[in-house]
Amino acid sequence: MKILLQVQNPHNIKSSGTVQGLKYIWRTEGLRGLFKGNGTNCARIVPNSAVKFFSYEQASKGILYMYRQQTGNENAQLTPVLRLGAGATAGIIAMSATYPMDMVRGRLTVQTANSPYQYRGIAHALSTVVREEGPRALYRGWLPSVIGVVPYVGLNFAVYESLKDWLVKDNPFGLVENNELTIITRLSCGAIAGTVGQTIAYPLDVIRRRMQMVGWKSASSVVTGEGRSKASLEYNGMVDAFRKTVRHEGLGALYKGLVPNSVKVVPSIAIAFVTYEMVKDVLGVEFRISD
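Under an unreviewed UniProt entry, the chain has the name Mitochondrial carrier protein and belongs to Brassica oleracea var. oleracea. Heading Subcellular location (unreviewed entry) of the UniProt record for the chain holds this comment: "Mitochondrion inner membrane". You can read under Sequence similarities (unreviewed entry) in the UniProt record for the chain the words "Belongs to the mitochondrial carrier (TC 2.A.29) family."

Shown next as structure tokens:
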């Protein structure tokens with residue numbers, strides 16, 4: 001739903017809001033329509049999450065080591081700004097590693113039964129894009145993604161870790177039990193982190209998604225760069241995409257799909273952080289016992 005709202009032609013609107021959009025998909029495509037692109041998303045999110053958390057751990061260690069060397073304080077800890085840097089590094093690496101999958105997910109999600117051309121699945125979409133548009137097309141929209149992932153993933157990690165440290169250290173609301181935060185409290189920290197990160201970075205996500213549609217023959221029926229139903233979809237780059245979107249649709253267009261995205265992303269990030277920490281704890285205990 002988020003992707004459809006982000007890219008739909010403003011002069012041929014099928015969905016003016018989340019609820020109406022869901023009803024439209026159900027009426028025209030049924031239950032399967034609500035899960036279009038989900039296979040690609042699952043195939044993307046597994047390596048993406050693995051690379052992201054691993055990269056964050058490694059980047060944190062490297063940044064902390066350099067920070068301690070620079071300050072001469074062997075007991076120094078990561079500051080919110082350093083966590084932001086580690087998170088941004090992890091986000092860029094993970095996003096770049098799985099970007100082609102995200103690109104084809106957008107197209108699989110947008111196509112309908114009435115689209116002039118049909119992608120039959122992940123492999124077919126990837127091979128078709130490479131054959132018809134060239135390998136570089138798989139990374140179309142990469143630049144706004146890189147710029148957006150810095151505040152998005154960076155703030156996710158920075159806000160989450162800083163909130164936890166503050167609560168454990170000061171215990172302002174009496175939420176700490178045995179020097180540990182409860183699962184509910186950690187989920188709340190993750191939800192706050194997700195809300196902050198995705199709201200700040202969201203306009204870049206809209207531009208990224210629209211740039212991913214460039215070069216696709218069927219895209220003009222969905223979204224048009226000039227705001228006309230039969231115009232070709234053309235952006236000369238990230239700045240041009242911003243300019244045309246704001247000129248023809250207003251600043252509000254940069255936040256199209258924010259509501260369904262929040263409903264999905266906020267609990268998703270919260271659960272991801274808490275699950276990752278719990279799995280680390282379990283593996284850590286098992287390692288110490290076996291050792």
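There's more to say after this.
1. Things to note about the environment of tyrosine 56
Along the chain, tyrosine 56 turns up in helix α3 (residues 38–71). Distance in space between the C-alpha atoms of tyrosine 56 and phenylalanine 157 is 8.5 Å, their sequence separation being 101 residues. Leaving out residues up to four positions away in the same chain, tyrosine 56 has contacts with Arg83, Ala86, Gly87, Ala90, Phe157 and Glu161.

2. A word on the nonpolar core
Soluble globular proteins: nonpolar side chains tend toward being buried together. Core analysis: the biggest nonpolar cluster contains 36 residues, and Val129, Phe157, Tyr160 and Phe273 have the highest contact counts within it. Looking at this core, the elements that each hand over two or more residues are α3, α4 (80–110), α5 (122–133), α6 (142–170), α7 (183–213) and α9 (258–290). A total of nine residues in this core trace back to one element, the largest contributor, which is α6. Of the domains in this structure, domain 1 (37–139) and domain 2 (140–281) are the two that each give at least three residues to this core. Not counting residues within four places of it along the chain, the set of residues in contact with valine 129 comprises Met103, Arg107, Tyr119, Gly134, Ala137 and Leu138.

3. Quick word on the confidence of the model for the chain
Looking at the chain, pLDDT values average 84 and 87% of them are 70 or higher. Note that residues 225–231 has pLDDT below 50 and, in this model, 18 contacts with residues that lie over four places away or in other chains. Counting contacts from residues 287–291, a segment whose pLDDT is below 50, to residues more than four positions away or on other chains yields zero contacts.

What counts as what
- Think of each chain on its own: its residues are numbered from 1, step by step along the sequence as written.
- Note on the predicted model: pLDDT of at least 70 is required for a residue's local features to be given, and 80 or more for side-chain atom pairs to be given and counted; whole-chain, interface and lining totals, by contrast, use all residues.
- Just so you know, side-chain values use all the structure's heavy atoms and leave hydrogens and water out.
- UniProt positions are given in the numbering used here, feature names are shortened, and annotations may be inferred rather than shown by experiment.
- Helix and strand definitions here come from DSSP, where helices need a minimum of 4 consecutive H or I residues and strands a minimum of 2 consecutive E residues; each element is numbered from the N-terminal end.
- Only heavy atoms enter the contact rule, under which two residues are in contact if any of them lie within 4.5 Å.
- Residues enter a nonpolar core if they are buried and are Ala, Val, Leu, Ile, Met, Phe, Trp, Tyr or Cys, with the set joined through side-chain atoms within 4.5 Å.
- Burial here depends on accessible area, computed with a 1.4 Å probe over protein chains only, as a share of the maximum for the residue type. Under 20% is buried, over 50% is exposed, and the range in between is partly exposed.
- Where a domain begins and ends is set by an automatic assignment or by a domain database.
- Each residue carries a pLDDT value, the predictor's own confidence for that position, ranging from 0 to 100.

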